[in-house]
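The residues making up each chain are set out below.
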Amino acid sequence: MGKRIFSGIQPTGAVHIGNYVGAIKQWVDLQHKYESFFCIVDYHAITIPYDPSDMQQRIFDAVVDNIAAGLDPEIATIFIQSHVPEHTELTWLFNSITPMGWLGRMTQFKEKSEQFKESVNVGLYDYPVLQAADILLYKAQVVPVGEDQVQHVELTRDIARKFNVTFGDTFPDPEAILGAAPRIMGLNDPTRKMSKSIPGSYVSLSDSPDEIRQSVMRAVTDVGPTPGGEMSPGTANLFMLLREFSPPETVQRFQDDYDRGAIRYSDLKKVLAEDMVAALAPIREAREKLLQQPETVREVLRRGAEKARGIARETVREVKERMGLG
Ligand code: AQP
């Protein structure tokens, strides 16, 4: 069997350029190289407060955004996590071998419990075990993610190894792989990562050209470079985006201006905004078309769940047998 990749995205809000450059662009490249599974992880999304009445719409939008951005349903298996019940079944089996201390160390849990102080639930704590089940159900070895998810992939590896040692060799060692821009910071607060759940932090793939311009022009920078000092987080973030969306000559020109202490951030932002508008235009157009074909999208998801379930069922059968439950 060739290598498999697995990755997921939460339907917690609009898919943004951080998700796009940090993860989706890699998925689009890698789908040609490996057997690929991409999942809209709705069971993960319910671990923070949400409105059930628009969950289905957010799931649908996330699928549309990913296909519009280049995921090809003819090559990759695209499906919804809750359509494959083995994800939660394997989570329970893994819960019984995962020490609580491993989960207590997870940075995302610490950050999210701070962000949603009033509603820290068991699901949020157990989130990384569900993620391990997502990956290992398909025995994926390659997991393309943004930097924030690396710790969870390492935990997945620990769970796989512990299972193998305890019950016999079953799972491969999954490995996280990062793209060139693995951590895009929030435009309104460049000390925190760009996040769907932080309003003002992101440009989404569905934003209009004017919304993109407004968000980029409002991005936090600094009053000017400190001679010989490090770039401020906001400026470094804009340069990172420039490298993703603008040609190398443009990046070089602004880098030279910065080095000479002659940079005007408003000029940089204007150029970046226009290059971003142009780069995202084909995605926006593909998105509009897909929105007119909801039945096609639903058919992709039906086929995806069917293919995923075939594999997931077999893994759970094997795991239960090894654990003395089969
Ligand atoms: N700011 C980011 N820069 C680079 N990559 C990012 N990713 C997320 N934010 C950035 C990567 O995108 C993939 C899908 O992310 P997710 O939907 O599973 O959840 P997340 O990491 O928790 O992303 P968000 O946008 O911050 O969502 P909320 O606000 O709901 O928590 C992952 O591979 C992730 O690394």
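Our structure's up above, just so we're on the same page.
Residues numbered from 1 in each chain as written. Predicted model: local features only at pLDDT ≥ 70, side-chain atom pairs only at ≥ 80, totals over all residues. Heavy atoms only, no water.

Enquirer: Before we go on, may I ask you to explain the pattern of salt bridges in this structure?
Expert: Note that side chains of opposite charge can pair when their charged atoms are close. Enumeration over the complete set of coordinates arrives at 23 salt bridges. Linking Glu-89 and Lys-320 is a salt bridge whose minimum nitrogen-to-oxygen distance equals 3.4 Å. Highlighted residues: Glu-89 in helix 4 (residues 86-95) and Lys-320 in helix 13 (residues 294-322), separated in sequence by 231 residues. Members of the salt-bridge network, linked through shared partners, are Glu-295, Arg-298, Glu-299 and Arg-302. (Salt bridge = Lys/Arg side-chain N within 4 Å of Asp/Glu carboxyl O. Helix = DSSP H or I, 4+ residues; strand = E, 2+ residues; numbered from the N terminus.)

Enquirer: Looking at this structure, how should I read the pairing of strand 2 (residues 35-40)?
Expert: Looking along a regular strand, one sees the side chains alternate between the two faces of the sheet. Extensive coverage of strand 2 is indicated by the burial of five of its six residues. One ladder, built from six bridges, connects strand 1 (residues 4-9) with strand 2; its direction is parallel. From the neighbouring strand, Arg-4 faces strand 2, where its bridge partner is Glu-35. Regarding the hand of the β-α-β motif, the stretch spanning strand 1, helix 1 (residues 17-30) and strand 2 is right-handed. In the sheet, strand 2 pairs with strand 3 (residues 77-80) via four bridges, with the strands oriented parallel. What sits directly across from Phe-37, in strand 3, is Thr-77. (Buried < 20%, exposed > 50% of the residue type's maximum accessible area, 1.4 Å probe, protein only. Pairing = 2+ DSSP bridges. Right-handed = clockwise from strand over helix to strand, strands pointing away.)

Enquirer: Which parts of the structure should I look at to understand helix 9 (residues 209-217)?
Expert: Because an α-helix completes one turn every 3.6 residues, residues spaced three or four positions apart along the sequence face the same direction. Turning to helix 9, its buried residues are Ile-212, Ser-215 and Val-216. Along the axis of helix 9, the buried positions cluster into a sector of 95 degrees, meaning they face one direction only. Tucked inside the fold, the buried residues of helix 9 contact helix 12 (265-291). (Arc of directions from axis to C-beta. Contact = heavy atoms within 4.5 Å.)

Enquirer: Before we go on, may I ask you to explain the nonpolar core in this structure?
Expert: Soluble, globular proteins show a tendency: their nonpolar side chains are buried together. Within the largest apolar cluster, 59 residues are counted, with the highest numbers of intra-cluster contacts made by Ile-17, Tyr-20, Phe-245, Met-276 and Leu-280. A total of nine residues in this core trace back to one element, the largest contributor, which is helix 12. When residues of this core are assigned to domains, at least three map to each of domain 1 (4-183 + 293-322) and domain 2 (209-288). When near neighbours in sequence (up to four residues on either side) are disregarded, Ile-17 contacts Gly-22, Met-194, Val-203, Leu-205, Leu-241, Phe-245, Met-276 and Leu-280. Formed by 39 residues, the second largest nonpolar core is a distinct cluster that contains Met-106, Tyr-138, Ala-160 and Ala-312. (Core = buried A, V, L, I, M, F, W, Y, C linked by side-chain atoms within 4.5 Å. Domains from an automatic or database assignment.)

Enquirer: Help me understand the site of the ligand in this model?
Expert: As a structural note, the neighbourhood of the ligand is formed by 22 residues, with Lys-112, Asp-148, Ser-195, Lys-196 and Ser-197 the closest of them. At 3.2 Å, a backbone N or O of Gly-18 approaches a nitrogen atom of the ligand. One of the side-chain N or O atoms of Asn-19 is found 3.1 Å from an oxygen atom in the ligand. When the ligand sits alone it has 650 Å² of accessible area, and the protein chains cover 98% of it. In this structure, the ligand is accommodated by the largest pocket. Those elements that place two or more of their residues in the shell around the ligand are strand 1 and helix 1. The element contributing the most residues to the shell around the ligand is helix 1, with four residues. Residue composition of the shell around the ligand, by class: six nonpolar, 11 polar and five charged. (Near = heavy atom within 4 Å. Polar contact = N/O pair within 3.5 Å; in protein donor to acceptor, adjacent residues only side chain to side chain. Areas by Shrake-Rupley, 256 points an atom, 1.4 Å probe, with all protein chains shown as cover. 1 Å grid on protein atoms, 1.4 Å probe; cavity = no way out; pocket = protein on both sides within 12 Å on 5 of 7 lines; lining within 4 Å. Sits in = over half its atoms within 2 Å of the grid points. Nonpolar A, V, L, I, M, F, W, Y, C, P; charged D, E, K, R; others polar.)

Enquirer: Would you explain the layout of surface pockets in this entry?
Expert: Any space left empty among the atoms is revealed by the rolling of a water-sized probe across them. The calculated volume of the largest pocket comes to roughly 930 Å³. For the lining of the largest pocket, the secondary-structure elements that each account for two or more residues are strand 1, helix 1, helix 6 (107-115), helix 7 (122-137), strand 4 (142-144) and helix 8 (150-167). At six residues, the largest contribution of residues to the lining of the largest pocket is made by helix 1. For the lining of the largest pocket, the per-class residue count stands at 17 nonpolar, 19 polar and nine charged. If you trace the second largest pocket, you find it lined by Asp-42, Gln-56, Ile-59, Phe-60, Ile-80, Ser-82, His-83, Arg-298, Leu-301 and Arg-302. Taken together, the elements giving at least two residues each to the lining of the second largest pocket come down to helix 3 (55-68) and helix 13. Classifying every residue of the lining of the second largest pocket gives four nonpolar, three polar and three charged. (Points joined across faces, edges and corners; volume = space filled by probe spheres on them.)

Enquirer: What should I look at first to understand the environment of Phe-109 in this one?
Expert: Relative to the elements of secondary structure, Phe-109 occurs in helix 6. Overall, Phe-109 belongs to the buried group, its relative accessible area being 17%. Separated by 15 residues in the primary sequence, Phe-109 and Leu-124 have C-alpha atoms spaced 6.7 Å apart. Residues in contact with Phe-109, not counting those within four places in the same chain, are Val-120, Leu-124 and Tyr-125.

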